[in-house]
Structure formats: structure tokens, C-alpha cells
Amino acid sequence: MLRPLDNPVLFATRVLGMQVHEGQASFLLDAHPLRVLIGGRRAGKSQALAILIAWLAVVNAVQCKPFKILVTAPTLDQARVLLSYVRKLLSSPLLEKLVTREVESPFPEVQLGESVILMARSLADHGRHVRGHGRDLGLIALDEGFLVSEETIKEVLSPLLADTGGTMVIASTATSGVGSYLHALYERGKEGTDARVKSFLLRTLDNPFIDQDFVRSQKQEISQEQWRVEWEGEFSSAANSVFTWNDISACAGVDIESNNDRQGRFTIGFDPAKLRDRSAVIVLESLAMPRQVVHLEDLHGRDYTRQVEAVTALSRRYFNAKVVVDATGAGQVVTDLLRASGVCVVEPIVFTATRKAELVTSLAVALEKREIRFPADRRLLDELRFFEARRMPNGAIKYEATGQGHDDFVSALALAWAGAGGVVRDQSFAALNMPPFLRSSDVLTTDAAGRARVMSLEDGFPQAAWSDWPGF
């Protein structure tokens, strides 16, 4: 006769009193050392992962075996959410006494008995917070895996299990798209070409415990592309996307810390709400490179006066930051309100087709050059992911969100980026229209006749006359 701790499905039903659907059960009963769990929204992906973590923690605590579980994600907030879910499962009357220690700072940890430790860590800064934790590590539970690079998985996470023979589970939506490392892993596990990898897909409509009519109603609210990715769990090619997923993921993942004491110069991008849209506000650090988003917020649902009050407060908080606002349509009224409220510098930008193309292109180049960093906020990431450039019948290029999606955070980010100076130009000699043989140690001088010369500070380098060089 099977006992409640013999497998995670029995543990979920008999100990936790939870219902598990067929897709979750297949994942929970698998024993492959690397499992890729792709799920649509509300498909039960996070629940299944939390059940697995709780089960392994309890089994090893009861057996008094040294066992560590690393709960990780691109940011600490994301890892903390998953660990909190696990902690809630462990609060049942049958399990509560197993918890012997809890820590919140600097990183959340939960200890069961004398031998089991669950720890939440972020993968920010190339995973420096997870390095050195390989001893007794039995499980790595990576959530939001679509944002984690191949290098981090291969060079940081996998080596942690080299001596323990532990398991890694990568849970994610299919946001990264076809061609990403996550997609390649998923295909390996689905095809069975790698005996170590197994893939699982949890589609939202396969979850019998949610309102099916509600899920189907969402199909009318978003584009077909978004529906397939976010609810069906399909990897998409997104051929018309302005921002590639490689660029988005490379720039995402910073942890937004408390910025009350942060010094510097800041720019605010503000795209006021228009009917059903979001009212997006983004604060961007203007001087440090790469420029970093330190605050983002949706003010939708507030009237224009209250939105202006909130943006004005942000401007004052960030040292009288300049506000760059979309002044298209009703945005001109918002511009006047901002100036009347005391914002020192307000820069209105009207989104004509040409101006929007310039702003979007400049932002795309910033991502390509890794000159901007932002948090892994799903609202911003989804907007970037589904922002397209489509050729219209008249030949013009239109930049907008697919279907009925939002693009307000993209607009706010583009406005903030433009206000901060836009694309950083390479200060190469060629960019400055100067001779290509110049070096950083060279000094530009002129002789008595006004001819330009280069004097090298290094011994043995001859002087070079170049008064006929274009531009001099």
C-alpha cells in the first residue's frame, strides 16, 4: 500500500488536500534529472512546481537527510513569490511543526528539521548570488526560465549539481520564442533525443479546475499570437517583432531596489491613459551606463489630475527629473497640467508616424547595444515581445502592439530613452570625423601656419601631418 510520502501526487492529495490534474501528475511523477515545464497562464505550472519542492523538502526532513533546494529566478522578487507559495503549503497542520527556522534578510530561507534548507536567490549579476551553494544541493527550481540565458544555465546552475546528482526543473511560459535556448531544451525533451531531459506542456484549457468560459473569453481580448504563447504555451517565431527576444532578455532581469537615497540624473517617460490603455510611467537613470529603469508604474484608472500628481511626485523624488510626455491628443492637456503643477522641465512629444518610428528605432538600437537595463516586469516584457512593425497597404511601416494588446510601457520607455539622450554614439575617431590612425594617447596640435598635427606621447611614434584631412 502506498503511503502519502511515496510520491508527490499522493502527497498533494492526501497531505495537502489539493487536486492535481493529469498534466501536473505526469510532471510530478517523472524522474528525469532535467525537466522543462512550459505552461500557459493559470495552467497550474507554479502549483505543480511548488508541490514538488514541498514534497522533496518534507521527505528528506522526515528521513533526516541533508538536502538543499535552490529556488531561483531572474529577480529575487520572483524567487520569493515561489518560495512563499511553498511556505504556504508547509503551513498545513500536518507539516507546520517541521519548519524550524525562517529568515527573510538578506535572502529568504526556510529550514525543515535539522537537515533541509530551502533558499531563494536571484540570478542577477550573472548568478553571483547562487554560486557556492552546491553542497547537498538536491533540487534547483528555476522559475521564469524564459529570461535566463544559456550561459547562466550551463555555466552557473548546472555545475552546482555536478557532485550531487540532483535535479533541475526549468519552469516557464513560452515567451522566449522559437530559436531560444529554452525552446531548444524543450524540443530535446519532447523528442526524446536526450535521455536526461523530459519536457511537459500544461495548456490553460487542460486545467479542469479553472473557469473555462473565462479563459475562452480572453481570446477576444488579445491577438492570436499572444493567445498561442500565453494560454496555449506555444513557442512563436514572432517574425514582425521590432525587439528580438535575445535583446529583451539580455537587458532584463535587474532587481529594482529602494531608490530613496539614489543620486544622479533621471528622466521620466509618461504615456497618459487613452480609454482602455494603460497609463505608463517609467523613470530612467540618465547618466550611468547602461541606463537603468529604477521605477515603472501603471496609473490607469486615475483621472488626469491624479495622474499628474503622481508623476509630479516622482519628478520631485528623483531630483526634479525631466518629464517627457506623449502630447498626442489629450496629452497636450496633461502637458499643461504638469507645467502648472511645478515640474521644472516638461518635454512634450507628439507621436506622428515619423517621430514614433524614430523613437522606436532608437530604443531598439539601445537594446541591441545593451545600453539599457530594466526589471523583468511581465507587463513591459510582454509589450516589448509583441510590439511589431507591419507594412501597410500604402507601403508605410506601422509600429504598434499586435491585435488589441498594449504598447504603453514601450512608449514610456522610448520617451524616457529619448529624453535621456537617446542612442549613445561611439566616441571613435571615425565617428568624430578624425583620422583613423589616432590613438587615445595622441595629442592634437597645430603649428604656426595653422596646420593640424598629431603628437604621440609614446616614444618612437612619428609626428603625422594631416591638415588636408576632411573636416580640418
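Asker: Where do I start with the packing of aromatic side chains in this structure?
Answerer: By convention here, two paired aromatic rings are described through the distance between centres and the angle between planes. According to the stated counting rule, one finds seven aromatic pairs in the structure shown. Between F27 and F200, the ring centres sit 5.6 Å apart and the planes meet at 80°, which makes this aromatic pair edge-to-face. Of the two residues, F27 sits in helix 2 (residues 22–28) while F200 sits in strand 8 (residues 197–202), which places them 173 residues apart along the sequence. Classification of F27 as buried rests on a relative accessible area of 0%. On the basis of relative accessible area, F200 is assigned to the buried category, the value being 8%. A centroid spacing of 6.1 Å and a plane angle of 20° characterise the contact between F266 and F319, whose relative ring orientation is stacked.

Asker: How should I be thinking about the packing of helix 3 (residues 45–62) against helix 4 (residues 76–89) in this particular structure?
Answerer: Relative orientation of the contacting elements helix 3 and helix 4 amounts to 60°, with a least axis distance of 9 Å. As the angle between them shows, helix 3 and helix 4 are arranged oblique. Here helix 3 and helix 4 pass one another in a crossing that is right-handed. Only L82, Y85, V86 and L89 of helix 4 make contact with helix 3, whose side of the interface consists of S46, Q47, L49, A50, I51, I53 and A54. Along the lines of polarity and charge, the residues of the contact of helix 3 with helix 4 split into nine nonpolar, two polar and no charged.

Asker: Explanation requested: the nonpolar core in the structure shown.
Answerer: Generally speaking, soluble globular proteins have nonpolar side chains that are buried together. By size, the foremost hydrophobic cluster in this structure holds 65 residues, and its most contacted members are L157, F243, L363, I372 and F374. Per-element accounting of this core gives the leading share, eight residues, to helix 15 (residues 408–419). When residues no more than four places from it in sequence are discounted, the contact partners of F243 are I248, V360, L363, A364, L367, L384, F387 and V410. Residues L28, L37, I51 and W55 belong to the second largest nonpolar core, which totals 48 residues.

Asker: What am I meant to see in the packing of helix 14 (residues 378–385) against helix 15 here?
Answerer: Geometry of a packed helix pair, given as the angle between the helix axes and the separation of the axes. Running from amino to carboxyl end, helix 14 crosses helix 15 at an angle of 90°, the nearest separation of the two axes being 8 Å. Taken together, the axis directions place helix 14 and helix 15 in an arrangement best described as roughly perpendicular. Counting all contacts with helix 14, which are made through R379, L380, E383 and L384, the residues of helix 15 involved are D408, F409, V410 and L413. Split by residue class, the contact of helix 14 with helix 15 holds five nonpolar, no polar and three charged.

Here is what the cut-offs are and how they apply
- Residues numbered from 1 in each chain as written.
- Predicted model: local features only at pLDDT ≥ 70, side-chain atom pairs only at ≥ 80, totals over all residues.
- Heavy atoms only, no water.
- Phe/Tyr/Trp six-rings, centres within 6.5 Å; stacked < 30°, edge-to-face > 60°.
- Helix = DSSP H or I, 4+ residues; strand = E, 2+ residues; numbered from the N terminus.
- Buried < 20%, exposed > 50% of the residue type's maximum accessible area, 1.4 Å probe, protein only.
- Axes fitted to C-alpha atoms, helices over the stretch in contact; angles between N-to-C directions.
- Parallel < 35°, antiparallel > 145°, perpendicular 65-115°, else oblique.
- Left-handed = near helix turned anticlockwise from the far one by under 90°.
- Contact = heavy atoms within 4.5 Å.
- Nonpolar A, V, L, I, M, F, W, Y, C, P; charged D, E, K, R; others polar.
- Core = buried A, V, L, I, M, F, W, Y, C linked by side-chain atoms within 4.5 Å.

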